[in-house]
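# An overview of the molecular structure
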Amino acid sequence: MRIQQLYIYPIKSTRAYQVSQAFVQPQGLNFDREFMLTEVDGTFITARKEAELFSFSAFPLPLGLSVHHRQGDSIQIAYRDFKQQEQCEVWGNHFPSWIAPETINQWFSAKMGRDVQLRWLGETSQRYIKNTEQSVSFADSYPILLTSHTSLKSIQEYCEQPIQMQQFRPNIVIDGEVAFAEQEWQRIQIGEVIFIHTKPCERCILTTRDPHNAQMHPKMEPFRTLKKINPNEKGKPLFGINLVPLNSGVIYVGDELQLL
């Protein structure tokens, strides 16, 4: 089995940025979900409810970030401009993050139609997986999500609507051998990096949002099909697995995945 695609999402819940290689850090892939948009009180904003987030494309720069909007305008963001730190929140997890200057926040607020803030993790994440010392980015729960094309093909066989891998917002995409076999893995190695499989990923309605036009599927696909063919014991649909890296290193498209 080998890596087929690698994706990062520099701003949480915005468009994917495909790469050919990535540096794995304890908190996840380098540049992945190191920024997010929040309400003014620090509560995270998610594309589950806000389709406008899919209008933003973010590109890492040596000293910050370049963000482009579908209307054609863009803004440059520098790490050095984040000087105020306050608490923020992701799924009940409260931790400190850095707030962008007012000019940056005004640009995003105009696009979103209300006052919002851009937050940055900082040079080191101060967020941790609950009851552990494992750092994590602004991702929902765990540092890295791995999915399989073989599992995607299995879903497509049951679903009448075309499905795209980007609907599941993975970081690492492999070819795979047996559909959903990844849910039984414990440890894997890619290149020099060893990962622990923490749990299969429970999916939500964000999987029904088209990554290109940001519209929700009227019949809630592929969420509805996935819930029928691959639920957990609580009836939650599963697709992909959450990984925690045990060490740092570089992974490349084409790298072999080994089961340990």
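Residues numbered from 1 in each chain as written. Predicted model: local features only at pLDDT ≥ 70, side-chain atom pairs only at ≥ 80, totals over all residues. Heavy atoms only, no water.

Next up on the list: the overall build of the protein chain. Secondary structure assignment for the protein chain yields 3 helices and 18 strands. Each principal axis of the C-alpha distribution contributes one length, and for the protein chain these read about 50 × 40 × 35 Å. Counting across all 260 residues of the protein chain, residues that qualify as buried make up 54%. Residue pairs at least 24 apart in sequence account for 68% of intrachain contacts in the protein chain once pairs closer than 6 positions are excluded. Carbon and sulfur atoms make up 48% of the accessible area of the protein chain, which amounts to about 12300 Å² in all. Across the protein chain, the centroid of the 26 positively charged side chains sits 5 Å from that of the 28 negatively charged ones. (Helix = DSSP H or I, 4+ residues; strand = E, 2+ residues; numbered from the N terminus. Buried < 20%, exposed > 50% of the residue type's maximum accessible area, 1.4 Å probe, protein only. Contact = heavy atoms within 4.5 Å. Areas by Shrake-Rupley, 256 points an atom, 1.4 Å probe, with all protein chains shown as cover. Lys, Arg positive; Asp, Glu negative; His and termini not counted. Charge placed at Lys NZ, Arg CZ, Asp CG, Glu CD.)

Listed under "domain: MOSC" (unreviewed entry) in the UniProt record, and renumbered for this structure, are residues 116-260. Between the end C-alpha atoms of residues 116-260 there is a gap of 44 Å, over a span that is 12% helix and 28% strand. (UniProt positions renumbered as here; feature names shortened; annotations may be inferred.)

Residues of strand 11 (residues 117-120) alternate between two faces, with Gln117 and Arg119 on one and Leu118 and Trp120 on the opposite face, all of them buried. Where strand 10 (residues 93-99) meets strand 11, 2 bridges bridge the pair, whose relative direction is antiparallel. The partner of Trp98 across the bridge, within strand 11, is Trp120. (Pairing = 2+ DSSP bridges.)

Right, let's talk about the packing of aromatic side chains for a bit. Enumeration over the complete set of coordinates arrives at 12 aromatic pairs. Site record: aromatic cluster; members linked through ring pairs are Phe35, Tyr79, Phe82 and Trp120. (Phe/Tyr/Trp six-rings, centres within 6.5 Å; stacked < 30°, edge-to-face > 60°.)

So, about the domain arrangement of the protein chain. Each domain of the protein chain was delimited in the assignment, giving domain 1 (2-7 + 139-259) and domain 2 (30-120). A C-alpha centroid distance of 25 Å is found between domain 1 and domain 2. Each partner contributes residues to the interface: domain 1 has 13 residues there, and domain 2 has 10 residues. Across the interface of domain 1 and domain 2, roughly 1000 Å² is buried in total on both sides, 51% from carbon and sulfur atoms. Applying the counting rule to domain 1 against domain 2 returns 1 salt bridge. Note that Arg48 is salt-bridged to Asp140, the shortest N-O span being 2.5 Å. Scanning the region where domain 1 abuts domain 2 turns up 5 residue pairs in polar contact (both at pLDDT 80 or more). Within the side of domain 1 that touches domain 2, the residues separate by chemical class into 8 nonpolar, 1 polar and 4 charged. (Domains from an automatic or database assignment. Buried area = accessible area lost by both parts, 1.4 Å probe. Salt bridge = Lys/Arg side-chain N within 4 Å of Asp/Glu carboxyl O. Polar contact = N/O pair within 3.5 Å; in protein donor to acceptor, adjacent residues only side chain to side chain. Nonpolar A, V, L, I, M, F, W, Y, C, P; charged D, E, K, R; others polar.)

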